[in-house]
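Residue-level listing of the chains:
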Amino acid sequence: MSKPPALFKPFNKYLIQARKLDKVHPVAAYYCRYHFLQKGVAVVKGKNEPEAKQFLGGLMGQLEKAKPQLPEQSKEEKQESILELALNVFTIADNEDRAGNATKGTAIKFRTWLRVERVIKEEETSNCFSPV
């Protein structure tokens, strides 16, 4: 996939996070991309931004392609699985920090936790965890 247009820079972090999660947690990666897509659609709505719309169309295709690869899970199972990932990452980072062994990696773990946590909270309110 090509580089996102500058218009999407404020929330490009969710695509970056999705790439990092692809191999370790495909469900969380899917919802990070979906979250980016929702924000992107809201930004381009009613605007003449062909490059941005083309990028979002490609992302929609990527999500549709990924959907059958995801495990069959209920809404609650998806939420629980992603929440468990977020809490595990937070616990690891918190333990490193409390032990006085914080590094740049610790900060990256906290950032990962925060991004995944935001996706969970915002997607819960938009009710997107319906079965895929």
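First, a word on what this report is: a plain description of the structure on this page. (Residues numbered from 1 in each chain as written. Predicted model: local features only at pLDDT ≥ 70, side-chain atom pairs only at ≥ 80, totals over all residues. Heavy atoms only, no water.)

Between helix α2 (residues 26-44) and helix α3 (residues 50-66), whose axes approach to 10 Å, the crossing angle comes to 150°. Taken together, the axes of α2 and α3 lie roughly antiparallel to each other. Crossing hand, α2 versus α3: left-handed. Where α2 abuts α3, its residues Tyr30, Arg33, Tyr34, Phe36, Leu37, Gly40, Val41 and Val44 lie against Ala52, Lys53, Phe55, Leu56, Leu59, Met60, Gln62, Leu63 and Ala66. (Axes fitted to C-alpha atoms, helices over the stretch in contact; angles between N-to-C directions. Helix = DSSP H or I, 4+ residues; strand = E, 2+ residues; numbered from the N terminus. Parallel < 35°, antiparallel > 145°, perpendicular 65-115°, else oblique. Left-handed = near helix turned anticlockwise from the far one by under 90°. Contact = heavy atoms within 4.5 Å.)

A few words now on the environment of Val27. With respect to the helices, strands and loops of the structure, Val27 is situated in helix α2. Among all residues touching Val27, those that are not within four sequence positions of it are Leu70, Pro71, Gln73, Lys78 and Ile82.

Between its first and last C-alpha atoms helix α4 (residues 75-98) spans 34 Å; for 24 residues at 1.5 Å apiece the expected length is 34 Å, and the two agree. Backbone geometry just after α4 places Gly100 at a positive phi near 80°. (Expected span 1.5 Å × (residues − 1).)

With that out of the way, let us pick up the pattern of salt bridges. Side-chain pairs of opposite charge can arise whenever the charged atoms involved come near each other. For the coordinates displayed, the defined rule picks out 6 salt bridges. Among the ionic pairs, Arg33 bridges to Asp22, the shortest N-O distance being 2.8 Å. A residue pair is termed long-range when its members are at least 10 positions apart, and Arg33 in helix α2 and Asp22 in the loop between α1 (13-21) and α2 qualify at 11 residues. A salt bridge links Glu122 to Lys39, with the nearest nitrogen and oxygen atoms 3.5 Å apart. Pair noted here: Glu122 is in helix α5 (residues 104-126) and Lys39 is in helix α2, with a separation of 83 residues, a long-range link. A relative accessible area of 28% places Lys39 in the partly exposed class. (Salt bridge = Lys/Arg side-chain N within 4 Å of Asp/Glu carboxyl O. Buried < 20%, exposed > 50% of the residue type's maximum accessible area, 1.4 Å probe, protein only.)

This brings us to the side chain of Gln17. Along the chain, Gln17 turns up in helix α1. Setting aside residues no more than four positions away along its own chain, Gln17 makes contact with Cys32, Thr112 and Arg115.

Taken together, Glu76, Glu77, Glu80 and Glu84 make up a surface patch of like negative charges. Relative to the elements of secondary structure, Glu80 occurs in helix α4. For Glu80, a relative accessible area of 56% translates into the label exposed. (Patch = residues over 30% accessible without salt bridge, like charges linked within 9 Å, V, L, I, M, F, W, Y side chains within 5 Å. Areas by Shrake-Rupley, 256 points an atom, 1.4 Å probe, with all protein chains shown as cover. Lys, Arg positive; Asp, Glu negative; His and termini not counted. Charge placed at Lys NZ, Arg CZ, Asp CG, Glu CD.)

Moving on: the nonpolar core. Of all hydrophobic cores here, the largest spans 28 residues; its most connected members are Phe8, Leu21, Phe36 and Ile82. Looking at this core, the elements with two or more residues in it are α1, α2, α3, α4 and α5. For this core, the element with the most residues is α2, which contributes 9 residues. Apart from the residues lying within four places of it in its own chain, the contact partners of Leu21 are Pro26, Ala28, Ala29, Cys32, Leu85 and Val116. (Core = buried A, V, L, I, M, F, W, Y, C linked by side-chain atoms within 4.5 Å.)

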